[in-house]
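The primary structure of each chain is shown beneath.
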Amino acid sequence: MQIDREGSAPNIFPGNWDVVTQELLKTYEAWFKQNWGPVELPWDELDRKNFDDSEAVAQAYWMAKLALFEKSGIGAFSLATLQAARYNMEDPTKKFLAGVTYDECRHDEICRRACNRLCPGFPYKFKPKNTLEEKALRNIQVLYDNGRRYWSAFEQVWQKYPLELIFSSFFFAEIGAQLIFKQVADKSRLSVYRQAFSNITKDESRHLAGTLALLERLASDMPKEQKLMITRQMKHGFIYLSPLLYRPMHEFWRLPDDFYEWDRKLEEIAADAGLGVPTLEEKSEKWYQAIQLHRKKLEDLGVPVPAIKEVGVDGVEISVKKGDNIVATPL
Ligand SMILES: [Fe+2]
Ligand SMILES: [Fe+2]
């Protein structure tokens, strides 16, 4: 157990109502104005009768893949909310993180509803009837299995790293999420997806504003070595998110040899059915743009960008070996 400055175990009481970072308060307040509900979307459009079997399972596949990252978001941000309260961080930090947790629930709910309409029971209680369905289910099971390794490492991180370091790395996933979900919204031909993903993009933009405000506040008193650790976590973040936002990177993901072949096939079928899944080239281009867009701000804060050659990003070389624990935050 970590011990706080006064030498006692951390506690949520007496708490505080301090507002130090105005930007965080503003971001938290924006949440109320931008509130939306997954129940209000035109779900009838995902009528099973409108799709053949492969189109149905392919869309459920992508939604179940997205759900892995939404679920890790629910876990990570709720744990972060609790830590922020235990370690007496300023009030809007706690409330902002709780808001993000709620958003992750609503994103996961979109995934649950889509799967439920298209492929009832997918992935947890689904019985495949052909090879495509088998491979779709197998891919998801394997991803979730890897997710267990991610989560165990994430829980241990709190004993290993300063709180400030963990909190200041939250922004990276949001950078990619904001642009790529906008792409999904723009490319989708079904309005249920267009609406869901433009709402998700709004959430992600808010997450990005808040997590960048956290970074800015925390990085100002940070030694150089810690800033380099943020760089390292950015690289980890890219690797962690790769099965969804790029293509799976084997430094972390232990997957069967034919994983990606089926993954691509399923993503293509989902795209043909009207779910705007971007191609590998489109994802890569968006990552590049997203990182370049924020590069100056990060460098001004003394946080170097890592080299991510896969998408053409130059920066500090960070070596990540196969089997290293990944310390990254989710969407
Ligand atoms: Fe999310
Ligand atoms: Fe997010």
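Residues numbered from 1 in each chain as written. Chains lettered and ligands numbered in written order. Predicted model: local features only at pLDDT ≥ 70, side-chain atom pairs only at ≥ 80, totals over all residues. Heavy atoms only, no water.

Moving on: the overall build of the protein chain. Along the protein chain, the regular secondary structure elements total 10 helices and zero strands. Reading the protein chain from its N end, one meets helices and strands in the order α-α-α-α-α-α-α-α-α-α. Relative to a compact globule of 331 residues, whose C-alpha radius of gyration would be 20 Å, the protein chain shows 20 Å and is just as compact. Considering the protein chain as a whole, with its 331 residues, one finds that 56% of them fall into the buried category. Once local pairs closer than 6 in sequence are excluded, the contacts in the protein chain between residues at least 24 apart make up 81%. Carbon together with sulfur atoms contributes 51% to the accessible area of the protein chain, which is approximately 14700 Å² in total. In the protein chain, which carries 45 positive and 48 negative side-chain charges, the distance between the mean positions of the two groups comes to 1 Å. (Helix = DSSP H or I, 4+ residues; strand = E, 2+ residues; numbered from the N terminus. Rg over C-alpha atoms; globule rule 2.2 N^0.38 Å. Buried < 20%, exposed > 50% of the residue type's maximum accessible area, 1.4 Å probe, protein only. Contact = heavy atoms within 4.5 Å. Areas by Shrake-Rupley, 256 points an atom, 1.4 Å probe, with all protein chains shown as cover. Lys, Arg positive; Asp, Glu negative; His and termini not counted. Charge placed at Lys NZ, Arg CZ, Asp CG, Glu CD.)

This part covers the environment of alanine 173. In this structure, alanine 173 sits in helix α6 (residues 171-187). Overall, the relative accessible area of 1% leaves alanine 173 in the buried class. Placed 155 residues apart in sequence, alanine 173 and alanine 328 show a C-alpha to C-alpha distance of 8.3 Å.

Another aspect to go through is unusual backbone geometry. Here the amide bond leading from phenylalanine 13 into proline 14 is cis, since omega sits at 15°, within 30 degrees of zero. Here proline 14 shows up in the segment before α1 (22-33). The omega torsion of the bond from phenylalanine 122 to proline 123 falls at 0°, within 30 degrees of zero and hence cis. You can see proline 123 is positioned in the loop between α3 (91-118) and α4 (131-160). The backbone of asparagine 88 sits at a positive phi, close to 60°, despite the residue not being glycine. Note that asparagine 88 resides in the loop between α2 (53-86) and α3. For asparagine 88, a relative accessible area of 43% puts it in the partly exposed group.

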